[in-house]
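The lines below spell out each chain.
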Amino acid sequence: MKLTGAEIFIECLKAEKVDTIFGYPGGAVLFLYDELYKAEERGEIRHILSRHEQGAVHAAEGYAKSTDKPGVCIVTSGPGATNAVTGIADAYMDSVPLVVISGQVPRQLIGNDSFQEIDIIGITRPCVKHNFLVTRIEDIAPTMRKAFYIATTGRPGPVVVDIPKDLTSGVDKIKFEYPKDLKMRSYQPTIKGNKRQIKSALNLISQAKKPILYAGGGVISARASEELTEFAQAYNFPVTTTLMGLGCYPSTDKQYIGMLGMHGTFEANRTMHYADLIIAIGARFDDRVTGDLNKFSPYAKVIHIDIDPATISKNVKAHNPIVGDVKQVLQTLLEIMEEQEINPDKSAYDTWWKEIQEWQSVNCLHYDQDDTAIKAQYVVEKLWEVTQGEAYVASDVGQHQMWAAQYYKFNKPNRWVNSGGLGTMGFGLPAAMGIQLAHPDETVACITGDGSIQMCIQELGTCTQYKLPLNIINLNNGYLGMVRQWQEFFYEERYAMTYNQSLPDFVKLAESYGHVGLHIDKPADVEGALREAIADTKRLYFLDFATEPQGNVYPMIPAQYGHNEMYLTKEDAITDMQAKAKAAKEAE
Amino acid sequence: MRHIISVLMENATGALSRVSGLFSQRGYNIESLTVAPTDDPTLSRMTLVTKGNDASVEQIVKQLNKLIDVVKVMELSDYQHIEREIMFVKVAASNMEACASIKRMADIFRARVIDVKNKMYTLEVTGSPDKLDGFLETLEDHKVIEVVRSGAMGITRGANALKI
Ligand SMILES: Cc1ncc(C[n+]2csc(CCOP(=O)(O)OP(=O)(O)O)c2C)c(N)n1
Ligand SMILES: [Mg+2]
């Protein structure tokens, strides 16, 4: 039987076992939508209509990050495609497997500045793992096959497939065949780590006195949490994770010393600074983690395990690189340990742990909640208690994101979904929708801020349409708080454009979409409101918490500072600023 | 340090812009770039000349390898290799003396006169990029109207080859 391009497209999605697709219709994808309509009628594929293409892509990201499936989106040509770009770039930076299908104007109109024509292949080239413009109906199936393969293997990432409208119209029909075997001579990610390098890593480990295990989002992408935990516990390593890696190692375990980097814990950063061996796994030494590279961990040798060779020795030189899938490498490593009967002495790092415990005793995340203004930290901590640490948490970008990362202790992977690499305000709400759609019976919270929530607020309508009982935790400080914090520290408190004027009444706004809205301004009411929202598994709760207006995120390592140069309190920041001002004066 | 890198890639639309885009996106400098299909029409071969320290060139090679359309990358500078560039130079030869001098230079550099018209000499010369620079220098006293350079191409000596 011969099929139209649009029918072939549906068959491809089915062959890839896609059950949910996020998108927004338009002229160039009318034929595809017509077939999606029929597929939905047949109960084959569910289409989720967002309110903006950016929302569709973030939702697909939330779906992908909280499951082991790729996210799939469909958008129309021109503005539909450009609206999707922020989401695509976000997925690129955080290595999220996505397949984004964009409609394109008919082939004969390409290049003519036609209505809603845009070169989305050109626009997205720097922010995709790969992209394709399909130019023949015969190429639809093989291209879709490649797109899913590329998106989900190696270091995952977004792939865009641009399909001209005339290919889907039905004028041409061909037999559908989905390629079974796929060999690409130009794309063969290294999966298995080199055994010799794994053995030499074990050797380096045996010589270390002050090791640190530094795990990132790659551990979660590779679904290697179990192996990582086994490895870490066999040696009694101190474990730190990046923002993207939260949950890949249980946060409540005694070996866990917290997140590292700009707003990481005092102990994680000190441990990194004084370590003699860094075992980096699925992490990429991002500048928000390392601070000034010249001051970064001056005494350490580096073992670096990652699937992406380009990540290795990019920022920090690796003495012992291991390229490969993190899960497979760790499995091989554990096998070799067994073969060679390596039984690490768990007390080997006792003196090192004593040093670390000193740093832990600083209690850097301590705060006091009095009965005046609600502290954002307190809200997050209560949310963790009320949900018993089991919720899926999506976050937006800003101070609230850092507080979420610091105070919600994730014990499982895939539960923490945030925008780390691109830092996209507006990510949280749509990402939470994607999570809820993938996990209809789980508790999903979206920790957001008064600035971020307004960037994709329209998605509240999507939540109504699909009855998504999200718990939106709006940590409303009335400011673009993270930017204000920098202005306070580094721009002499000139708060340029960071006061959020003319905020809407969030309660009424939520209600107008058919949700429940609550405004909470007393610390005593925090827990009750959270309990009420979490207990209600049918309705979306928009909890608008009036939090301390000018609270700051501590600890903080200012950009280009070393890990041993942290601000723990406002006093530290003030002292440092005064010292800098004095030095500047003297220099004059 | 100057590095010369050969890239074998799918002869697909957009492949070239992926490579050139990579250089601008990541702030790598590009001194010259040549590209054409190979004997296998599904493959193109590109030669890139770039400057940078060893670590940055290692990154460039890794990032090139990461591009989906790129099949193989070889840093020619790591091997014994031959490097050539072709250049056309158009120079004005207003009098007999100038003609003679241009021809003399051409002989020394083994350049060929490929066109003479309206007191214009067009010369063709092949060699290492250094040699071409040298030739241009010797023409400094003349009125050079136009210069076209192909950019460097390279190939390894002996049994090593960039092939699939
Ligand atoms: C799309 C986008 N625009 C601008 C920024 C820069 N930025 C980073 S954090 C932030 C403030 C966020 O404010 P809010 O959501 O209220 O969070 P808060 O820091 O107050 O908790 C801004 C403007 C960004 N990350 N993303
Ligand atoms: Mg705010």
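Residues numbered from 1 in each chain as written. Chains lettered and ligands numbered in written order. Predicted model: local features only at pLDDT ≥ 70, side-chain atom pairs only at ≥ 80, totals over all residues. Heavy atoms only, no water.

Residue and element names in this part refer to chain B. By the assigned domains, chain B splits into domain 1 (2–79) and domain 2 (82–153). Distance from the C-alpha centre of domain 1 to the C-alpha centre of domain 2: 29 Å. Listed by partner, the interface residues are 6 residues for domain 1 and 6 residues for domain 2. Together domain 1 and domain 2 conceal approximately 430 Å² of surface at their shared face, both sides included; 53% is due to carbon and sulfur atoms. For domain 1, the biggest contributors to the area lost against domain 2 are Arg 2, Ile 4 and Thr 34; these three give 63% of the whole. Counting across the domain 1 and domain 2 interface gives 1 salt bridge. With a closest N to O distance of 2.5 Å, Arg 2 and Glu 83 form a salt bridge. (Domains from an automatic or database assignment. Contact = heavy atoms within 4.5 Å. Buried area = accessible area lost by both parts, 1.4 Å probe. Salt bridge = Lys/Arg side-chain N within 4 Å of Asp/Glu carboxyl O.)

Residue and element names in this part refer to chain A. In terms of domains, chain A is made up of domain 1 (2–175), domain 2 (195–360) and domain 3 (376–546). On a C-alpha basis, the centres of domain 1 and domain 2 stand 38 Å from each other. Taken residue by residue, the interface counts 8 residues in domain 1 and 7 residues in domain 2. Counting each side, the surface lost to burial between domain 1 and domain 2 is near 580 Å², with a carbon and sulfur contribution of 52%. When residues of domain 1 are sorted by the area they lose upon contact with domain 2, Asp 68, Asp 94 and Arg 155 head the list and together hold 62% of the total. Applying the counting rule to domain 1 against domain 2 returns 1 salt bridge. Salt-bridge contacts for Asp 308 lead to Arg 155; the nearest nitrogen and oxygen are separated by 2.8 Å. Applying the counting criterion to the domain 1 and domain 2 interface returns 3 residue pairs in polar contact (both at pLDDT 80 or more). (Polar contact = N/O pair within 3.5 Å; in protein donor to acceptor, adjacent residues only side chain to side chain.)

On to the sheet that holds strand β18 (residues 471–476) of chain A. All names here are of chain A. Pairing is parallel in the open sheet, where 6 strands are placed in the order β16-β15-β17-β18-β20-β19. If you trace the sheet from one side to the other, it starts and ends with β16 (416–417) and β19 (516–520), each paired once. The strands that helix α15 (residues 399–407) touches are β15 (392–395), β16, β17 (444–449) and β18; relative to β17, the one it contacts most, it runs at about 140 degrees. (Pairing = 2+ DSSP bridges. Helix = DSSP H or I, 4+ residues; strand = E, 2+ residues; numbered from the N terminus. Axes fitted to C-alpha atoms, helices over the stretch in contact; angles between N-to-C directions.)

All right, on to the sheet that holds strand β10 (residues 239–241) of chain A then. Residue and element names in this part refer to chain A. In space, the 6 strands of this open sheet follow the order β11-β10-β9-β12-β13-β14, with parallel pairing throughout. Single-partner strands in this sheet number two, and they are β11 (256–259) and β14 (320–323). In this sheet, adjacent strand axes meet at a mean angle of 15 degrees when their direction is disregarded. By the bridge criterion, 5 bridges tie strand β12 (residues 277–281) to strand β13 (residues 301–306) in an arrangement that is parallel.

A few words on the interface of chain A and chain B. The interface of chain A with chain B comprises 18 residues on the first partner and 20 residues on the second. Summed over both sides, the interface of chain A with chain B buries roughly 1500 Å², with 47% coming from carbon and sulfur. When the buried area of chain A at its contact with chain B is split by residue, Arg125(A), Arg185(A) and Ser186(A) rank highest and sum to 44% of it. Viewed at the interface, chain B and chain A are joined by 2 salt bridges. We note a salt bridge from Glu10(B) to Arg185(A), for which the minimum N-O separation is 2.7 Å. Across the contact surface, chain A and chain B share 9 residue pairs in polar contact (both at pLDDT 80 or more).

Let's shift gears to the coordination of the magnesium ion (ligand 2). Note on metal geometry: ideal angles are 109.5 degrees for four donors arranged tetrahedrally and 90 or 180 degrees for six donors arranged octahedrally. Residues and elements named next belong to chain A. Bound to the magnesium ion (ligand 2) are the protein donor atoms Asp 450 (OD), Asn 477 (OD1) and Tyr 479 (O), situated 2.1 Å from the metal. One chain supplies every donor for the magnesium ion (ligand 2), spaced along it as D-x26-N-x1-Y. In this pair, Asp 450 is assigned in the loop between β17 and α17 (460–465) and Tyr 479 in the loop between β18 and α18 (481–490), connecting sequence segments 29 residues apart. Judged by relative accessible area, which is 1%, Asp 450 ranks as buried. Taking relative accessible area as the criterion, Tyr 479 reaches 13% and is therefore assigned buried. (Donors = N, O, S within 2.8 Å, 3.2 Å for Na, K, Ca; no water. Buried < 20%, exposed > 50% of the residue type's maximum accessible area, 1.4 Å probe, protein only.)

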